[in-house]
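Geometric and topological summary
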Protein chains: 2
Amino acid sequence: MKISPAEAVVMEVLWRASPRTAEEVFAEVGGPQRWTEATVKTLINRLLKKKAVAAERDGRRYLYRPVLERAAYIRGESQSLLDRLFDGRLAPLVSHLSQSRALSPEDMAELKRLIEEMDE
Amino acid sequence: MKISPAEAVVMEVLWRASPRTAEEVFAEVGGPQRWTEATVKTLINRLLKKKAVAAERDGRRYLYRPVLERAAYIRGESQSLLDRLFDGRLAPLVSHLSQSRALSPEDMAELKRLIEEMDE
DNA sequence: CACCAACGTTTACTCATGTAATCGATACAT
DNA sequence: ATGTATCGATTACATGAGTAAACGTTGGTG
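Structural notes on the nonpolar core
- Core analysis: the largest hydrophobic core is formed by 68 residues, its most contacted members being V10(A), L90(A), L111(A), V10(B) and L90(B).
- Ignoring any residue separated from it by four or fewer positions in sequence, one finds L90(A) in contact with L82(A), V94(B), L97(B), L103(B), D107(B) and L111(B).

Here it is, written out as structure tokens:
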């Protein structure tokens with residue numbers, strides 16, 4: 001099941017560290033996002049329904065942990081962008097981004113390194 | 001204004017060739033998408049409201065052309081993916097994709113070429 | 001000139017999403 | 001033991017998106 005951008009923000013928190021209580025998730029995300037705790041709970045609930053997170057009872061509360069892995073999520077998103085806009089090919093994406101925004105020297109260096117090691 | 005995935009499909013048609021009538025857009029996209037002509041018209045109208053396409057009267061019908069440029073759209077989408085998932089950096093994206101799916105030799109070759117020429 | 005076909009415009013309806021308040025159960029403090 | 005604070009669950013509501021039918025207008029045809 002597809003997870004929405006707002007839900008992904010919650011996932012990011014859980015991917016950084018889990019398990020977490022709803023309150024902890026809220027503590028980490030409420031500020032930047034200006035969400036109330038109710039909103040965070042709704043999002044967690046939707047993620048439960050979508051089986052993207054699992055809950056484990058811990059006394060009076062629950063501890064939540066990701067079920068969907070970050071790598072899988074990222075892969076899906078990247079893939080779909082690539083397919084929708086670049087005919088599934090990586091080179092045009094890189095080409096486009098390298099033109100439209102300056103790459104930092106570190107990025108350049110890392111890219112180079114990547115290409116080399118992929119070459120083996 | 002943000003354009004939706006379905007709307008983007010219509011934009012793609014217009015980016016390939018324009019101006020086009022609604023019927024022509026439908027002809028090109030209706031099949032693969034299993035949309036009726038009514039649906040295509042709704043999408044065109046929403047794109048008009050969003051100023052992503054412009055219409056020019058041609059007798060009893062209109063000819064539509066893109067106002068939003070493909071490059072700008074692609075840039076926005078790629079940028080937002082990069083920011084959301086890869087902290088705005090290109091290298092991690094490439095790294096991820098190169099692991100999760102095999103790059104074709106041509107893709108590899110082109111990437112290499114890109115990196116080299118960006119290096120100047 | 002009356003009618004019909006072809007357009008674009010308006011309206012419709014369902015589902016997902018963002019955002020949040022309310023409800024109901026329950027553990028703890030007094 | 002009872003009230004209260006605290007959880008999660010349920011309900012709410014507006015907006016956008018996907019999908020499409022109905023409507024109104026206008027130009028062409030018989």
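A word on the environment of A8(B)
Residue and element names in this part refer to chain B.
- Along the polypeptide, A8 turns up in helix α1 (residues 5-16).
- The sequence separation of A8 and L43 amounts to 35 residues, and the corresponding C-alpha distance is 9.2 Å.
- For A8, the residues in contact, after removing those within four places along its chain, are I3 and Y73.

Re the protein's contact with DNA strand D
- Taken together, 20 residues lie near DNA strand D, and R61(A), S4(B), W35(B), T42(B) and R46(B) sit nearest.
- Those atoms of DNA strand D that come within 4 Å of the protein belong to sugar or phosphate at a rate of 65%.
- In this structure, Y62(A) approaches DNA strand D through a main-chain N or O atom, which is 3.4 Å from a phosphate oxygen.
- Within the side chain of K50(B), a nitrogen or oxygen atom sits 3.1 Å from a phosphate oxygen of DNA strand D.
- When residues in the surface near DNA strand D are grouped by element, the largest group, four residues, is from helix α3 (residues 37-49) of chain B.
- Here the residues of the surface near DNA strand D sort into seven nonpolar, five polar and eight charged.

Some details on the packing of aromatic side chains
Residue and element names in this part refer to chain A.
- Overall, the coordinates contain four aromatic pairs over all chains when judged by the stated rule.
- Summarising the aromatic geometry, the rings of W15 and Y73 are spaced 5.6 Å apart at their centres and angled 35 degrees between planes, so their arrangement reads as tilted. Placement of W15 in helix α1 (residues 5-16) and of Y73 in helix α4 (residues 70-86) is noted, with a sequence separation of 58 residues between them. The exposure classification of W15 matches that of Y73, with both residues buried.

Observations concerning the packing of α1(B) against α3(B)
Residue and element names in this part refer to chain B.
- Two elements in contact, α1 and α3, have axes separated by 9 Å at closest approach and are oriented at 90 degrees. On the basis of the axis angle, α1 is roughly perpendicular to α3. Where α1 abuts α3, its residues A6, E7, V10 and M11 lie against L43, I44, R46 and L47.
- Each residue belonging to the contact of α1 with α3 can be placed in one class, and the counts come to six nonpolar, no polar and two charged.

Description of the domain arrangement of chain A
- Parsing chain A into structural domains produces domain 1 (5-66) and domain 2 (94-120).
- Summarising the inter-unit geometry, the C-alpha centres of domain 1 of chain A and domain 2 of chain A are found 34 Å apart.

Brief notes about the interface of chain B and chain A
- At the interface, 36 residues of chain B touch 36 residues of chain A.
- Of the roughly 3700 Å² buried between chain B and chain A, counting both surfaces, carbon and sulfur atoms make up 67%.
- Summed over the three residues of chain B that lose the most area to chain A, namely L85(B), L90(B) and I115(B), the buried surface amounts to 16% of that side.
- Taken together, chain B and chain A are joined by six salt bridges.
- R89(A) is paired through a salt bridge with D107(B); the nearest N and O atoms lie 3.3 Å apart.

As for the side chain of E12(A)
- Here E12(A) lies in helix α1.
- Setting aside chain neighbours within four positions, we find E12(A) in contact with R70(A), R84(B) and L85(B).

Points about the relation of the copies chain B and chain A
- Of the two same-sequence chains, chain B is brought onto chain A (RMSD 0.1 Å, axial shift 0.0 Å) by a rotation of 179 degrees. Taken together, these values place the two copies in the relation of a two-fold axis.
- Comparing contact sets, 100% of the residues at the interface of chain B also lie at the interface in chain A, consistent with an isologous, same-surface contact.

Cut-off values and rules
Residues numbered from 1 in each chain as written. Chains lettered and ligands numbered in written order. Predicted model: local features only at pLDDT ≥ 70, side-chain atom pairs only at ≥ 80, totals over all residues. Heavy atoms only, no water. Core = buried A, V, L, I, M, F, W, Y, C linked by side-chain atoms within 4.5 Å. Buried < 20%, exposed > 50% of the residue type's maximum accessible area, 1.4 Å probe, protein only. Contact = heavy atoms within 4.5 Å. Helix = DSSP H or I, 4+ residues; strand = E, 2+ residues; numbered from the N terminus. Near = heavy atom within 4 Å. Polar contact = N/O pair within 3.5 Å; in protein donor to acceptor, adjacent residues only side chain to side chain. Nonpolar A, V, L, I, M, F, W, Y, C, P; charged D, E, K, R; others polar. Phe/Tyr/Trp six-rings, centres within 6.5 Å; stacked < 30°, edge-to-face > 60°. Axes fitted to C-alpha atoms, helices over the stretch in contact; angles between N-to-C directions. Parallel < 35°, antiparallel > 145°, perpendicular 65-115°, else oblique. Domains from an automatic or database assignment. Buried area = accessible area lost by both parts, 1.4 Å probe. Salt bridge = Lys/Arg side-chain N within 4 Å of Asp/Glu carboxyl O. Least-squares fit on C-alpha atoms with pLDDT ≥ 70 in both.

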